[in-house]
Amino acid sequence: MTQITSRRPDANRVYKSQRAALTRAIRSNNPAAVEAVCRAAVAEWNDPSLGWPDDWSTWERALLDAFPWPPPYTSLDELAT
């Protein structure tokens, strides 16, 4: 299991919730749902009290795999804006 080093006591709960939401979005086969989940996760991770999990690339791969080639995004960083 991925451990998050954070100043927030509920960081692992937040991470597990984000992971479950990503799994549901992937299974829905809806690119917009995957994008929304990734966008929400990036917004939370950019909060200095939480930080990015060690396996952030799971969300990036899901985002890139959700769209036909070429995907509209090349990285999660593009969702931060």
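Our subject is the structure that appears above.
No experiment lies behind these values; they were computed from the predicted model shown.

Asks: Just give me the short version of the nonpolar core, but keep the residues and values in it.
Replies: Cys38, Trp45, Trp59, Leu63 and Leu76 are the most contacted members of the largest nonpolar core, which has 20 residues in total. Of all the elements in the fold, those that place two or more residues in this core are helix H1 (11–27), helix H2 (31–45) and helix H3 (57–66). Excluding anything up to four places from it in sequence, Leu76 contacts Cys38, Val42, Trp45, Trp52, Trp56, Trp59, Glu60 and Leu63.

Asks: Account for the pattern of salt bridges, with residues named and values stated.
Replies: This model, assessed by the stated rule, comprises three salt bridges. Where Asp10 meets Arg13, a salt bridge forms, and the shortest distance between an N and an O atom there is 2.8 Å. Arg13 sits in the exposed class, given a relative accessible area of 55%. Here Arg19 and Asp55 are joined by a salt bridge, their closest N and O atoms 3.1 Å apart. One end of the pair, Arg19, is in helix H1; the other, Asp55, is in the loop between H2 and H3, with 36 residues separating them in the sequence.

Rules and cut-offs
- Residues numbered from 1 in each chain as written.
- Predicted model: local features only at pLDDT ≥ 70, side-chain atom pairs only at ≥ 80, totals over all residues.
- Heavy atoms only, no water.
- Core = buried A, V, L, I, M, F, W, Y, C linked by side-chain atoms within 4.5 Å.
- Buried < 20%, exposed > 50% of the residue type's maximum accessible area, 1.4 Å probe, protein only.
- Helix = DSSP H or I, 4+ residues; strand = E, 2+ residues; numbered from the N terminus.
- Contact = heavy atoms within 4.5 Å.
- Salt bridge = Lys/Arg side-chain N within 4 Å of Asp/Glu carboxyl O.

What is shown is where atoms sit, not what they do.
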